[in-house]
Amino acid sequence: MKISILMDDINGINTKKDSTFAMMLEAQRRDYEIYYFTQNDTYISKNTPFAQSKIIKLTDSKTNYYEVLEEKTVDLTTMNVILMRKDPPFNMEYIMDTYFIELAQRKGVLIVNNPQALRDANEKFFVEAFPQLSPECTISRNPKHIVEFTKKHEKVIIKPMDGMGGASIFQTGKNDKNLNVIAETVTDNGKRTTMAQVFIPEISEGDKRILLIDGEPVPYALARIPSENDFRGNLAKGGTGAGRKLTESDYRICSVVGPKLKEMGIIFAGIDVIGEYLTEVNVTSPTCIRELDSLFDLNIAGTLFDKIEAIIN
C-alpha cells in the first residue's frame, strides 16, 4: 500500500501532539510506503498530478523522528490513498491544492478528506448547515452588522472565518467601548468575512473536540479548558486538555452532523462543542488524536485506517 501525505513542513511538528504524525505511524505499522510532500513540491503535467516526494521512515520520539529513505518524483495517481493534512489558512492556495489532488481522485485514489467537501465545508460557516445545534450568530464583512448584532447581547465572541488556533478571537459585548475598533479590526474594515457568535458561558467547562470517523464519533472528547488569564480554550493559547466521555447531548449532536459528513466524503473530522452547542466543524486537519490516545488508551488512527482500508477494498 502506498500513501502520500500533503502537509506543512514535517520539521516543524510537535510529535507528542501532531495528529498527522499519529496517522503516519499507523500507516508504518501497517507496512505502507509513506510519501511526504508539501505545497511547493507539486506540479501537473499532461493532466496528471506529480509531487517531488520523500519516502520516509518514522520513529516515535520528540527529536530525530523521521529518516528520508529516498527522494523521488511520484505520479500521485499511483497512490492508494492521499491524506490532505495542510493546516489553514484556508486561502486560494489551499483551494488550488484541492484541485490538484482532485485529479488523483478522478483516477480512483482515495482522498482523505474529499477535496470538494474541503471547499464546501468552511470550518466556521458550516455550522449554518445545523441551525438547530448552533448558537445565535451573524456572519458579515460589514463591521456595522457585527456591531449591531453585538449590541443586542451581553457577551459575544468575534472571530475571523479563516483563523485557527484561537488567533484573532475577541470577547466583547454591548457595553464595550472597544466594540467598534474590534469589528473594524477583525473585518479589516469591511474586507474580511467575520463571525459574531453569542458567548457560551459553559466554555469554563471546556471547548470539547469530538472526533468523527466516517460519521461515527470516538466515544471520548478532549475538553480544552481556558486558563485563568484567557477566555479561549485553545491549547495553543494556554488552555489545558482534559478527557471527557461523550454525553447524551454530544451523541445527539453527532447523530445529526455525522451522517452529513459521511455523505460529503469527510472521513475524518473534528467538531467543537461548548455546552450543548456546535460551534465549529473542522475538516481540514483536525487534531487531538495523540492526546485522546494517551488519556484513554485508544488507537484512533488505527480506527481511521480500518475505515480507509474498508473503503479501498
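For the structure itself, look to the data block above.
### So, the pattern of salt bridges
Pairing between side chains of opposite charge can happen when their charged atoms approach one another.
Here is step 1 of the chain: Tallied over the full model, the rule gives 18 salt bridges.
Here is step 2 of the chain: Residues Arg290 and Asp60 are paired through a salt bridge, measuring 2.9 Å at the closest nitrogen-oxygen approach. Here Asp60 lies in the loop between strand S4 (48-58) and strand S5 (66-75) and Arg290 lies in helix H7 (residues 289-296), a separation of 230 residues in the sequence.
Here is step 3 of the chain: What makes Arg290 buried here is its relative accessible area of 17%.
Here is step 4 of the chain: Between Arg106 and Glu102 there is a salt bridge whose closest N-O contact spans 3.9 Å. In this pair, Arg106 and Glu102 are both assigned in helix H2 (residues 92-106), four residues apart and thus about one turn of the helix distant.
Here is step 5 of the chain: Relative accessible area serves as the criterion here: at 63%, Arg106 is assigned to the exposed category.
Here is step 6 of the chain: Here the salt bridges share partners, and the residues they tie into one network are Glu26, Arg29, Arg30, Asp306 and Glu309.

### Notes on a nonpolar patch on the surface
Here is step 1 of the chain: On the surface, Met92, Met96 and Tyr99 cluster together into a nonpolar patch covering about 300 Å² of accessible area.
Here is step 2 of the chain: Looking at where Met96 falls in the secondary structure, it is placed in helix H2.
Here is step 3 of the chain: Accessibility expressed as a relative area gives 41% for Met96, which makes it partly exposed.

### Digging into the packing of aromatic side chains
Here is step 1 of the chain: All told, the structure shown has seven aromatic pairs when counted by the stated rule.
Here is step 2 of the chain: Each ring, one from Phe21 and one from Tyr65, has its centre 5.8 Å from the other, and the planes form 80°; the classification is edge-to-face. Placement of Phe21 in helix H1 (residues 19-29) and of Tyr65 in the loop between S4 and S5 is noted, with a sequence separation of 44 residues between them.
Here is step 3 of the chain: Looking at Phe21, the relative accessible area reads 0%, which means it is buried.
Here is step 4 of the chain: A relative accessible area of 8% means that Tyr65 is categorised as buried.
Here is step 5 of the chain: Aromatic ring contacts, followed pair by pair, group Phe21, Tyr65 and Tyr66 into a single cluster.
Here is step 6 of the chain: Just above the ring of Phe199 sits the side chain of Lys155; from NZ or CZ to the centre is 4.9 Å.

### Observations regarding the pairing of strand S1 (residues 2-7)
Here is step 1 of the chain: S1 sits mainly inside the fold: five of its six residues count as buried.
Here is step 2 of the chain: Chirality of the crossover, the property in question, places the unit of S1, H1 and strand S2 (residues 33-37) among those that are right-handed.
Here is step 3 of the chain: Inspection of the sheet shows S1 paired to strand S6 (residues 81-85) by five bridges, in the parallel sense. Bridged to Ile3 within S6 is Val81.

### Examining the side chain of Asn113
Here is step 1 of the chain: Within the fold, Asn113 resides in the loop between strand S7 (110-112) and helix H3 (115-120).
Here is step 2 of the chain: Within polar-contact distance, the side chain of Asn113 engages the backbone nitrogen of Ile267 at 2.7 Å.
Here is step 3 of the chain: At 2.7 Å, the side chain of Asn113 forms a polar contact with the backbone oxygen of Phe268.
Here is step 4 of the chain: Not counting residues within four places of it along the chain, the set of residues in contact with Asn113 comprises Met84, Leu118, Gly265, Ile266, Ile267, Phe268 and Val283.

### Quick word on the sheet that holds strand S8 (residues 137-140)
Here is step 1 of the chain: Read across the sheet, four strands follow the order S8-S11-S9-S10 without closing on themselves; strand pairing throughout is antiparallel. In the strand order of this sheet, the two ends are held by S8 and strand S10 (170-172), each with one partner. The sheet shows a mean angle of 20° between the axes of neighbouring strands, taken without regard to direction.
Here is step 2 of the chain: Both strand S9 (residues 156-160) and S10 contribute to a ladder of three bridges, which runs antiparallel. From the neighbouring strand, Val156 faces S10, where its bridge partner is Thr172.

### Overview of the pairing of strand S16 (residues 268-274)
Here is step 1 of the chain: Of all the seven residues making up S16, seven are buried; the element is thus mostly covered by neighbouring parts of the structure.
Here is step 2 of the chain: Of the two faces of S16, the one carrying Phe268, Gly270, Asp272 and Ile274 and the one carrying Ala269, Ile271 and Val273 are both buried.
Here is step 3 of the chain: Bridge count for strand S12 (residues 207-213) against S16 is six bridges, and the pairing is antiparallel. Of the residues in S16, the one forming a bridge with Leu211 is Gly270.
Here is step 4 of the chain: With five bridges joining them, S16 and strand S17 (residues 277-282) adopt antiparallel strand pairing. From the neighbouring strand, Gly270 faces S17, where its bridge partner is Asn282.
Here is step 5 of the chain: The hairpin turn running from S16 into S17, its antiparallel successor, is two residues long, and Gly275 in that turn takes a positive phi close to 60°.

Rules used throughout
Residues numbered from 1 in each chain as written. Predicted model: local features only at pLDDT ≥ 70, side-chain atom pairs only at ≥ 80, totals over all residues. Heavy atoms only, no water. Salt bridge = Lys/Arg side-chain N within 4 Å of Asp/Glu carboxyl O. Helix = DSSP H or I, 4+ residues; strand = E, 2+ residues; numbered from the N terminus. Buried < 20%, exposed > 50% of the residue type's maximum accessible area, 1.4 Å probe, protein only. Patch = residues over 30% accessible without salt bridge, like charges linked within 9 Å, V, L, I, M, F, W, Y side chains within 5 Å. Areas by Shrake-Rupley, 256 points an atom, 1.4 Å probe, with all protein chains shown as cover. Phe/Tyr/Trp six-rings, centres within 6.5 Å; stacked < 30°, edge-to-face > 60°. Lys NZ or Arg CZ within 6 Å of the ring centre and 35° of its normal. Right-handed = clockwise from strand over helix to strand, strands pointing away. Pairing = 2+ DSSP bridges. Polar contact = N/O pair within 3.5 Å; in protein donor to acceptor, adjacent residues only side chain to side chain. Contact = heavy atoms within 4.5 Å. Axes fitted to C-alpha atoms, helices over the stretch in contact; angles between N-to-C directions.

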